[in-house]
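# Report on the structure
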Amino acid sequence: MPFIPHTRKDTEEMLAAIGVPDLDTLFDEIPPELIIDSIEGVPEALSEMQITRLMHKRAAIDGTPSCFIGAGAYEHHIPTVVWDIATRGEFYSAYTPYQAEASQGTLQTIYEYQSMITELTGLDVSNASLYDGASGLAEASLMAVRTNRAVKSRRVMLAPGVNPIYAQVAEAIAGSQAITFESIAMDAKTGNVDFDSLDDNADPVAVVIQQPSFLGTLEDVDRLTNWAVERGAIVIAIVNPMSLALLKAPAQWGDSGADIACGEGQPLGVPLSSGGPYFGFMTCKQKHVRQMPGRIVGRTTDLDDKPGYALTLQAREQHIRRSKATSNICTNQGLMVTAATIYMSLLGFDGLVKVASQSQRNTKRLVDGLCSLDGVQRVFEGSYFHEVALRLDRPVAPVLAALAANDILGGLDLSAYTPELENALLVCVTETKTDEDIDEYIDAMRKVLATESARGS
Amino acid sequence: MEYRMEKLIFEKSRSGRRAFAQAPRETAATDIPDALRRTDRPGLPEASELQVVRHFTRLSQLNFSIDTQFYPLGSCTMKYNPRACNALALLPPFAGRHPLGPVSHGQGFMSCMYELQEMLIGVTGMTAVSLTPMAGAQGEFAGVAMIKAYHVARGDLERNEILVPDAAHGTNPATATMCGCVVKEIPTGPDGDINFEALQAALGPKTAGIMLTNPSTLGVFERRIVDVAKLVHEAGGLLYYDGANLNAILGKVRPGDMGFDVIHMNLHKTFSTPHGGGGPGSGAVGVNDRLKAFMPIPVVGAEERDGETVYRWLAEDDLPQSIGRLSGFMGNSGVLLRAYVYMRMIGRDGMRRIAEYATLNANYLQTKLAAAGFELAFPGRRASHEFIISLRKEAKTVNMTAMDVAKALLDCNYHAPTTYFPLLVPECLLIEPTETESKETLDGFVDAMIKIANDARDKGVSYKEAPYKMPVRRLDDVKAARQLDIRFQRPD
């Protein structure tokens, strides 16, 4: 019996101790008409050898194409140490640190994580993480409403660069609490906020600014932050933690800084893995800490006055507050945060700067190369971090399909997300790509564009 | 083993030290406008590779875990996490697959997801499954949101009350509130089943649905579940199944057959994906035909093309009434892969064995502890995969509370059971051994419990200051909350 240790003798002795004749009798409180004979839809068991063979076969179908897609999930080199240590059984198979004395490893790791992510975002305090970046925006919006009592509206304004999927997720999660989301108009030239469109009588409860934007552009975060603060709004920053090696931390945006920073932690040592598990980080100013959702670890002392770590501010949480909790969340993404903490410890700030700067350098090489081809140009002017929107002279989908046939995943078809961005392609390059990889992509694109059949319709 | 606390990684940091092999060799010139450029230097640690390895290895050794200790944490199903599940989910094509990669480079992954959906449909008796919720609590959210969407789609706009038993997990009422519903608590009867009369009285034209765990958080099977379902449906409400305790009935009884309309599963419990120190979870939802149209997206669909099965994402166009997206991509895919591998290794017949041996272990432990003089919360009842003992007697006579026993157990090298939950049993321990523990382990645990109780009773031993053998002794929670220290402060 896979993973069940009982010998026949064990089972017999245990049944005798309980005083029942067989295993079925243990279920005698269940109405007999509900008991099923067999289940459909589940095949016969495979041995480890068989499932290993099957999974290798399936993995081979997907292969390891050369990937130039970003859009919220980024391919970075993950040092061997990260998952070697994170999947040690003592991290991998432990649970939420309810028994603090027997969970100091997990608790101290989270405390160190909270310290690192606050350093990176510049804000005062952090929670132990949320599910992912998208749901993080939902939680941040709910938090903004709880904390911003001065503004009566429940309208959250989104800069045009906010990831459209994040907006959908926030709407699905926070929408049922009567929070509404509306987008600020985009300046077609820069891809950023159209400041002329802003209504100075607006009374948003929060303004969400994503930097770098979903379209790869760099927003004038200072101006937008100041505008939001003047309206009494909470400023929510969505940032890529890797970009913070080069870009101004949310705490320094505008005259007073963002109130809350959140985003996708995946670039910090978490594999792409088809979209998860990742982790959402959230940091905020000290004054908002009691409205922050999720677990928080604090340092305290034990009976001998020695330092130790424990979950704290639990009075905000569902297991205490039940229907009045700040969120229904009862876990963080412990294992992913463990990986990220190891990653940040290994890289240090200088390592992050190297990764981020090489990513930007590689992106520039690709963008310059592609834009030298006929029929490719940038959609927006201005600086970028490691993602850029390009406009092709034809629909993107058939071009991507032709590239994929050569095992090159050439980017994201933006028109599928933002219909007004016709024929637009979002590309991303990180430090993992060599000049040869990049040139191979440029070459493949040249050939595809030269092929009339890829022009599609 | 002697434990020693570690300094913080920040305190081990030395300016200018690097783990050289980890980053690209050089910093490249960058192009960022001055107004947007970072000028300060955040205080991340500066350490060598060996220092980092040693630091986090030592930290890991300060944890209890399934791999190192018996972990009978009630309601959490801390069973063995097979190593193959992890290794196979991290095969390079799976670990490196971009979530927005084309389906042409995802058929292998998607076939696993499709088959996982099918297997979960099979064990739950529902008609469709969405894998996207990222944890149990998000699965709950999806469930209640679907119930709400169902009523709204029918023009039934007044239904905003969610009934929740008083024994329920705290996430249930918190979820209902998040969905904009009003929570109505239903009391439990003395035998652990729901108070039927109170339920009848609570139902009405405002009832949106009821959230139930069966077996309940009290460790007993709700015997009148079919009548409960009938009653709720007659009142126009729907039934939500909290899958926290699915391990107890896997392969024996299906929530769909009990009359539930929607269920969330905790794949990190029943299907043995790692708890990871508190996540990632994975909270797939199953629905019957009533709620199929409202499932969270995306879902994996399959179609036959030229004699071959081709997988594709079902999203807004396929499910226009969906409650929407709950994650940036498709949920915790890597966790889902682990669950897939686990279910394939367990197989059809193995599912039933999980419920049988989890239940055998719980009833055996219950019998032994009762024989040793511990008070069962529901003595007349069969245990499901977990059960509750109450220490209210010991708390009065020898001043030994559930908390004291929990801490004393740590010193005996056992993780404590769940304490003080459910809230309605005083001084309770909720004990769930799971099917992967051997008889010897259970016997050892019983011996430890007996010794703890006997020492308190016969020798006057107090556990108020236990544990003694852990890396730290009891921590000052009040100080932790009052003098908030939740990050390292750099000495300036």
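Residues numbered from 1 in each chain as written. Chains lettered and ligands numbered in written order. Predicted model: local features only at pLDDT ≥ 70, side-chain atom pairs only at ≥ 80, totals over all residues. Heavy atoms only, no water.

All right, on to the pairing of strand β8 (residues 299-305) of chain B then. It is a general feature of regular strands that their side chains alternate between the two faces of the sheet. As paired elements, β8(B) and strand β9 (residues 308-314) of chain B share seven bridges and run antiparallel to each other. By the bridge assignment, A302(B) is partnered in β9(B) with Y311(B). (Pairing = 2+ DSSP bridges. Helix = DSSP H or I, 4+ residues; strand = E, 2+ residues; numbered from the N terminus.)

Scanning the entire structure with this criterion turns up 14 aromatic pairs over all chains. For the ring pair Y114(B) and Y311(B), a centre distance of 5.5 Å and an interplane angle of 55° mean the geometry is tilted. In this pair, Y114(B) is assigned in helix α5 (residues 107-124) and Y311(B) in strand β9, connecting sequence segments 197 residues apart. Given the relative accessible area of 23%, Y114(B) is considered partly exposed. Assessed through its relative accessible area of 10%, Y311(B) is described here as buried. Measuring from ring centre to ring centre gives 4.9 Å for Y241(B) and F260(B), while their planes differ by 80°; the resulting arrangement is edge-to-face. With a gap of 19 residues between them, Y241(B) in strand β5 (residues 238-243) and F260(B) in the loop between α10 (255-258) and β6 (262-265) connect regions that are remote in the sequence. Looking at Y241(B), the relative accessible area reads 0%, which means it is buried. Each residue in the set F3(A), Y80(B) and Y342(B) is aromatic and connected to the rest through ring pairs, giving one cluster. (Phe/Tyr/Trp six-rings, centres within 6.5 Å; stacked < 30°, edge-to-face > 60°. Buried < 20%, exposed > 50% of the residue type's maximum accessible area, 1.4 Å probe, protein only.)

On to the side chain of R338(B), then. Looking at the secondary structure, you find R338(B) in helix α12 (residues 333-371). The charged side chain of R338(B) is buried without a salt bridge, its nearest counter-charge being D67(B) at 12 Å. At a separation of 3.2 Å, a polar atom in the side chain of R338(B) contacts the side chain of Y92(A). In this structure R338(B) touches Y92(A), C85(B), N86(B), A89(B), L90(B), T273(B) and P274(B), once residues within four positions along its chain are discounted. (Lys, Arg positive; Asp, Glu negative; His and termini not counted. Salt bridge = Lys/Arg side-chain N within 4 Å of Asp/Glu carboxyl O. Polar contact = N/O pair within 3.5 Å; in protein donor to acceptor, adjacent residues only side chain to side chain. Contact = heavy atoms within 4.5 Å.)

With that out of the way, let us pick up the pattern of salt bridges. Evaluation of the coordinates by the stated rule reveals 57 salt bridges over all chains. For E13(A), the salt bridge is made with K439(B), and the minimal N-O distance between the two is 3.3 Å. Within this pair, whereas E13(A) is found in helix α1 (residues 8-18), its partner K439(B) is found in helix α15 (residues 439-459), the two belonging to separate chains. The class of K439(B) is buried, set by a relative accessible area of 14%. E115(B) is the salt-bridge partner of R58(A), the closest N and O atoms lying 3.0 Å from each other. Within this pair, whereas R58(A) is found in helix α2 (residues 48-62), its partner E115(B) is found in helix α5, the two belonging to separate chains. On the accessibility criterion, R58(A) (12% relative accessible area) is buried. A single salt-bridge network, built from bridges that share partners, covers E29(A), D191(B), D193(B), R223(B) and R381(B).

In this section: the domain arrangement of chain A. You'll often see interface size given as the accessible area lost when the parts meet. All names here are of chain A. With domains assigned, chain A is organised as domain 1 (8-62), domain 2 (66-76 + 348-455) and domain 3 (80-342). Using C-alpha coordinates to define each centre, domain 2 is positioned 28 Å away from domain 3. On the side of domain 3, 27 residues touch domain 2, which itself brings 27 residues to the contact. With both chains or domains summed, domain 2 and domain 3 bury close to 2200 Å², and 73% of this area falls on carbon and sulfur atoms. Broken down residue by residue, the surface that domain 2 buries against domain 3 is led by L352, F380 and F385, which jointly contribute 27%. Along the contact surface separating domain 2 from domain 3 lie zero salt bridges. Going through the elements one at a time, α10 (334-371) and β12 (387-392) are the ones with two or more residues in the side of domain 2 that touches domain 3. For the side of domain 2 that touches domain 3, the leading source of residues is α10, giving six residues. (Domains from an automatic or database assignment. Buried area = accessible area lost by both parts, 1.4 Å probe.)

By size, the foremost hydrophobic cluster in this structure holds 176 residues, and its most contacted members are I236(A), L268(A), F279(A), I342(A), L352(A), M146(B) and L291(B). The biggest single contributor to this core is α10(A), with 15 residues. For this core, the domains that each give at least three residues are domain 2 (66-76 + 348-455) and domain 3 (80-342) of chain A. Among residues more than four places away in sequence, those in contact with I342(A) are V81(A), V82(A), I85(A), A86(A), V52(B) and F56(B). The next biggest cluster of nonpolar side chains, apart from the first, holds 112 residues, and it includes M14(A), I36(A), F387(B) and L442(B). (Core = buried A, V, L, I, M, F, W, Y, C linked by side-chain atoms within 4.5 Å.)

The subject of this paragraph is α12(B). Residue and element names in this part refer to chain B. Between its first and last C-alpha atoms α12 spans 45 Å; for 39 residues at 1.5 Å apiece the expected length is 57 Å, and the helix comes up short by more than 12%. The largest bend along α12 reaches roughly 90° and is located at G347. Among the 39 residues in α12, 31 count as buried, and that is most of the element. Immediately downstream of α12, the backbone of G373 shows phi near 100°, a positive value. (Expected span 1.5 Å × (residues − 1). Bend = angle between axes of the 7 residues up to and from the residue.)

The next point concerns the state of the cysteines. All names here are of chain B. Applying the stated criterion across every chain yields a total of zero disulfides over all chains. The thiol of C112 is unpaired, and the distance to the nearest cysteine sulfur, on C85, comes to 12 Å. Residue class for C112 comes out buried when judged on its relative accessible area of 0%. Free cysteine C428: the closest other cysteine sulfur is in C76, separated by 13 Å. For C428, a relative accessible area of 0% translates into the label buried. (Disulfide = S-S within 2.5 Å.)

Residues and elements named next belong to chain A. A rise of 1.5 Å per residue sets the reference length of helix α5 (residues 104-121), with its 18 residues, at 26 Å; its end C-alpha atoms lie 25 Å apart and thus fit the reference within 8%. The element α5 is extensively covered by neighbouring structure, given that 18 of its 18 residues are classed as buried. Once α5 ends, the next one or two residues include G122, with phi positive near 80°.

Now for the sheet that holds strand β11 (residues 387-390) of chain B. All names here are of chain B. The four strands lie next to each other as β10-β11-β13-β12, forming an open sheet whose pairing is antiparallel. In the strand order of this sheet, the two ends are held by β10 (375-376) and β12 (418-419), each with one partner. Examined bridge by bridge, β10 and β11 share two bridges and lie antiparallel to one another. Counted as the bridge partner of E375 is S390 from β11. Across the sheet, α12 touches β10, β11 and β13 (428-431), and the angle it forms with β11 is around 15°. (Axes fitted to C-alpha atoms, helices over the stretch in contact; angles between N-to-C directions.)

Next up on the list: the interface of chain B and chain A. With 200 residues of chain B in contact, the opposing surface of chain A contributes 184 residues. Taking both sides of the interface into account, the surface hidden between chain B and chain A amounts to around 16500 Å²; carbon and sulfur atoms contribute 61%. Here chain B is connected to chain A by 13 salt bridges. The residue R490(B) makes a salt bridge to E119(A) at a minimum N-O spacing of 2.7 Å. Seen at the junction of chain B and chain A, the total is 92 residue pairs in polar contact (both at pLDDT 80 or more). No other element matches the 27 residues that α12(B) contributes to the side of chain B that touches chain A.

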